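# Notes for the structure review
Residue strings, one per chain:
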Amino acid sequence: MNKNNPIGMIDSGVGGLTVIKEAQKQLPNEQFIFIGDTARMPYGPRTTDEVIAYTFQMANYLITEKQIKMLVIACNTATACALTVLQKKLTIPVIGVIQPGAQAAQLATKNKTIGIIATDGTVNSKAYELQIHQYGADTKVLSQGEPDFVQLVEANKYQDHATRDIVMNHLAPFKAAGIDTLILGCTHFPLLEPFIREAVGKQITLIDSGRETIYAIKQCLNKLALNSDIKHNHDEDIYYTTSDSDDDTFKVIATNWLARIHELDVRHLKIVDNGTLQHLEEISMPRLILASNNQHKIIEIEAILNDIGINLTVTPLNSLGDSVPEIIEDGTTFEENATKKAMTIAKIAPNDYILADDSGLSIDALNGEPGVYSARYAGDHDDQANNDKVLNKLEGITSREAQFTSVLVLVGPNKPKLVATGTVRGLITDQRYGDNGFGYDPLFLVPQFDKTFAQLTANEKNQVSHRGLALQELGKHLPEWLKGGV
Ligand SMILES: O=c1nc[nH]c2c1ncn2[C@H]1C[C@H](O)[C@@H](COP(=O)(O)OP(=O)(O)OP(=O)(O)O)O1
Ligand SMILES: [Mg+2]
């Protein structure tokens, strides 16, 4: 087994994110691959056989496709039902969340009275009691099923005021029962920790079984000499769900809860049924390739798409390497040129979505010049020369009205072409102003700001620019377009 392979983590849905959050904090060198079985959650009401079957499918996927070196069952219900079976059948180490939580609670309790909140499945399995009694047979254990808490977290309502009231109500009996330690026996519950803490009071020790599990993982890695010796950045962690790719509930909760700087790499698995046996397969998601050689444009487009919040992996053209042919922009309209760019790239990346922009500056007094010739007005992509030519041609001319146009063309496998246009009106200055941006930005004055594009911040420009407006327009039609076909 290669010690630099990833650690797999499986869960019924989103709860295990509390475990991966701790893991990312405490195990900086490891790479994690997480599966949340969101299509079949919650596991609480499922039969033991069902939970065993589902956890096996996830384990098999991670072992055969991702070569994981260790499996963590980041779910109490699944641990209660399936840990021993998985430990027997798999050749890699398997760690669950119950034993570490039980052990920590036993160490923490002084009056030997421990409370547990968990799903009904975990409570009924008595898995915590069994473990706790292994460390001390005389400890009193009070268990309470809290399936509602799971639903509230899964519905992303864990910060709502109404949820606080429910938590306060449900946990009131524990206050009277004399426990001094409370196990959060469901990985969803740490998301409710502030409310739980308020409900039981600060003198009670809360045990987060997920957090305790990290110690068990560390011990196991040490014992088997499986610590990764290369530093993995946790931006390399991958998150799978079994829901449809357009269901972004998991991503919303994960982004909010994990609070990582970079966008999370959330992918999807489909449950493939071949008769009696089911297995999981990755749904390959097309990328959105930006068909432009202009890095300034790419930066603007990425920032705006990010603001719009589209759920696609955005890839710049240079990631396709040397296979990209030269594109001769000989169309007579922006749309013709943008279409040519998009279609050329679609030929070499037929399974992806391709977005192209053709844009330019049209000056009223020059009958719309340079227009489609903007990039090669004076010299090919020579911004200096192009700007000089505009200034020379407009010398002595008082009418300075002009407009930038961006025409976006989006194509994709079995999709009709989607076109979106954005324009912005402005005035051509008599000299260059500002250092930001590119192309004709230093000459294009936006009356609303009384500044040229080159004097605006990137964000300010994107709010009003031709490209920003075209992308807003595209964003309106995108969800519909992604669903449809030809
Ligand atoms: O926001 C803008 N701010 C300043 N200038 C701009 C802008 N938008 C377009 N322009 C000018 C630059 C270039 O002279 C021409 C675009 O030519 P255009 O062929 O669409 O782009 P490009 O050749 O730079 O990159 P590519 O074709 O690979 O996307 O218009
Ligand atoms: Mg071009």
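Our subject is the structure that appears above.
A few points on the structure. From a predicted model like this one, the values you see are computed outputs, not experimental measurements. (Residues numbered from 1 in each chain as written. Chains lettered and ligands numbered in written order. Predicted model: local features only at pLDDT ≥ 70, side-chain atom pairs only at ≥ 80, totals over all residues. Heavy atoms only, no water.)

## Digging into the overall build of the protein
Under the convention used in this document: Only runs of H or I of at least four residues qualify as helices and only runs of E of at least two qualify as strands under DSSP, and these elements are numbered from the N terminus. Exposure categories follow from relative accessible area, calculated using a 1.4 Å probe and restricted to protein chains: below 20% of the type maximum is buried, above 50% is exposed, and the middle band is partly exposed. Whether two residues are in contact is decided by their heavy atoms, any of which lying within 4.5 Å being enough. All accessible areas in this document rest on Shrake-Rupley with a 1.4 Å probe, and a residue is counted as covered only by the protein chains that are shown.
Within the protein one finds 16 helices and 19 strands. Across the 486 residues of the protein, 52% fall into the buried class. For the protein, the proportion of contacts with a sequence separation of at least 24, taken over those separated by at least 6, is 70%. Carbon together with sulfur atoms contributes 50% to the accessible area of the protein, which is approximately 22100 Å² in total.

## What about the coordination of the magnesium ion (ligand 2)?
The cut-off we apply is this: Because water is not among the atoms used, a metal site may look incomplete, as its donors are only the N, O and S atoms within 2.8 Å, or 3.2 Å for Na, K and Ca.
For the magnesium ion (ligand 2), the full set of protein donor atoms is E329 (OE) and E329 (OE), at a range of 2.1 to 2.7 Å. Positionally, E329 belongs in the loop between β13 (314-316) and α13 (334-348).

## Observations regarding the layout of surface pockets
Which entries qualify depends on this criterion: Only protein atoms enter the 1 Å grid, on which a cavity is a set of points fitting a 1.4 Å probe that cannot get out and a pocket is an open set with protein on both sides within 12 Å along at least 5 of 7 lines, lining residues being those with an atom within 4 Å of a point. Grid points are joined across faces, edges and corners, and a volume is the space filled by probe spheres set on the points. Residues are grouped as follows: Ala, Val, Leu, Ile, Met, Phe, Trp, Tyr, Cys and Pro are nonpolar; Asp, Glu, Lys and Arg are charged; all remaining types, including Gly, are polar.
Of the voids in this model, the second largest pocket is the one considered here, and its volume is about 800 Å³. Every residue lining the second largest pocket is counted, 36 residues in all, and those nearest its centre are N294, K297, E329, A375 and H381. Of all the secondary structure elements, the ones that give two or more residues to the lining of the second largest pocket are α12 (295-308), α13, β14 (353-363), α14 (383-393) and α16 (466-483). With 5 residues, β14 is the largest single contributor of residues to the lining of the second largest pocket. For the lining of the second largest pocket, a count of residues per class yields 12 nonpolar, 12 polar and 12 charged.

## Observations regarding the side chain of Q24
Examined against the element boundaries, Q24 turns out to sit in helix α1 (residues 17-26). Judged by its relative accessible area of 7%, Q24 falls in the buried class. Once you skip the residues sitting within four places of it in the chain, Q24 turns out to touch H234, D237, Y239, L258 and R260.

## Considering the environment of V424
One can find V424 in strand β17 (residues 418-428). Look at V424 and you get buried, because its relative accessible area is 9%. Counting along the chain gives 22 residues from V424 to V446, while the straight-line C-alpha distance between them is 8.5 Å. For V424, the contacting residues outside a window of four places in its chain are A402, Q403, F404, F444, F453, V464, S465 and H466.

## Quick notes on the site of ligand 1
For clarity, the threshold we go by: The cutoff for a nearby residue is simple: one of its non-hydrogen atoms must lie within 4 Å of the molecule or strand. As used in this structure description, the phrase polar contact means that two N or O atoms lie within 3.5 Å; if the pair is within protein, one of them must be able to donate a hydrogen and the other to accept it, and residues adjacent in sequence are counted only when both atoms belong to side chains. A molecule is said to be in a cavity or pocket once over half of its atoms fall within 2 Å of that pocket's grid points.
By nearness alone, 21 residues border ligand 1, and S292, E329, K341, H381 and D441 come closest of all. A distance of 2.6 Å separates an oxygen atom of ligand 1 from a polar atom in the side chain of H381. Here K461 contributes a side-chain N or O atom positioned 2.8 Å from an oxygen atom of ligand 1. Burial of ligand 1 by the protein chains amounts to 96% of its free accessible area of 610 Å². Mapping ligand 1 onto the cavity grids shows that it belongs to the second largest pocket. Looking at the shell around ligand 1 element by element, the count peaks at 4 residues for β14. A breakdown of the residues in the shell around ligand 1 according to their chemical character gives 4 nonpolar, 9 polar and 8 charged.

## Some points on the nonpolar core
As a reminder of what qualifies: Side-chain atoms within 4.5 Å link the members of a nonpolar core, which is a set of buried Ala, Val, Leu, Ile, Met, Phe, Trp, Tyr and Cys residues.
Of all hydrophobic cores here, the largest spans 49 residues; its most connected members are L17, L182 and I196. Discounting chain neighbours no more than four positions away, the residues touching L17 are F34, Y239, F250, I253, A254, W257 and L258.

## Considering the packing of aromatic side chains
The cut-off we apply is this: The rule is short: rings of Phe, Tyr and Trp, with Trp giving its six-membered ring, pair when the centres are within 6.5 Å, and they are stacked under 30 degrees, edge-to-face over 60, tilted in between. Each ring is checked for a lysine NZ or an arginine CZ that lies within 6 Å of its centre and within 35 degrees of its normal; such an atom marks a charge sitting over the ring.
Enumeration according to the criterion identifies 9 aromatic pairs in this entry. On the numbers, 4.7 Å between centres and 55 degrees between planes, the contact of F404 with F444 is tilted. Placement of F404 in strand β16 (residues 401-411) and of F444 in strand β18 (residues 444-446) is noted, with a sequence separation of 40 residues between them. As far as the burial class goes, F404 and F444 line up, both buried. For the pair F444 and F453, a centre-to-centre distance of 5.0 Å together with 40 degrees between the ring planes defines the contact as tilted. Classification of F444 by relative accessible area gives buried; the value is 0%. Exposure remark for F453: the relative accessible area of 1% places this residue in the buried category. The structure contains a cluster of three or more aromatic residues connected by ring pairs, namely F34, Y239 and F250. In this structure, R40 packs its charged tip against the face of Y54, placed 3.9 Å from the ring centre.

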